[in-house]
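Reading the structure
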Amino acid sequence: MKEYKTDVERFREITQNLVDLYEKKNANYGNSFEKLFNELGPIAGIVPLHNKLDRITNLIKGGKNDFESLEDSLVDLANYAIMNVIELKKRAENEEIKDI
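All values derive from a computational prediction rather than experimental measurement. (Residues numbered from 1 in each chain as written. Predicted model: local features only at pLDDT ≥ 70, side-chain atom pairs only at ≥ 80, totals over all residues. Heavy atoms only, no water.)

**Details of helix α1 (residues 7-29)**
When the terminal C-alpha atoms of α1 are compared, their 32 Å separation across 23 residues agrees well with the 33 Å that a helix rising 1.5 Å per residue should span. Two residues or fewer after α1 comes Gly-30, characterised by a positive phi angle close to 75°. (Helix = DSSP H or I, 4+ residues; strand = E, 2+ residues; numbered from the N terminus. Expected span 1.5 Å × (residues − 1).)

**Considering the environment of Thr-15**
Here Thr-15 lies in helix α1. You can call Thr-15 partly exposed: its relative accessible area is 27%. Through-space distance from the C-alpha of Thr-15 to that of Asn-79 is 9.3 Å; in sequence the pair is 64 residues apart. (Buried < 20%, exposed > 50% of the residue type's maximum accessible area, 1.4 Å probe, protein only.)

**Focus on the pattern of salt bridges**
In the structure shown here, the tally under the stated rule is 7 salt bridges. The closest approach of N and O atoms between Glu-68 and Lys-52, which form a salt bridge, is 3.0 Å. Of this pair, Glu-68 sits in the loop between α3 (42-60) and α4 (70-99) while Lys-52 sits in helix α3; the two residues are 16 residues apart in sequence, bridging distant segments of the chain. This pair shows no difference in class: Glu-68 is buried, exactly as Lys-52 is. One connected set of salt bridges, linked through shared partners, spans Lys-25, Lys-52, Arg-55, Glu-68 and Asp-76. (Salt bridge = Lys/Arg side-chain N within 4 Å of Asp/Glu carboxyl O.)

Set out below in structure tokens:
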């Protein structure tokens, strides 16, 4: 009988994929997201989320994309959301340091 993965196992596998992809892209591109976030503020972090949501909506409605699947787009969306949280946390930590 075939053994199926639990949702927790699938979640762990997917989140490890997020980490691997984040590391790979940072190695290839540097931390360009952080630079843009620092230059333009939190709104800069929302732009890639908006773009990914547009792409996801298009794919769900039957649109074509030769270089990114629905799953790829959802993974990127999750990574961009986490990257926003990272930058917001760094800003909060920097504010605490300034208050000392």
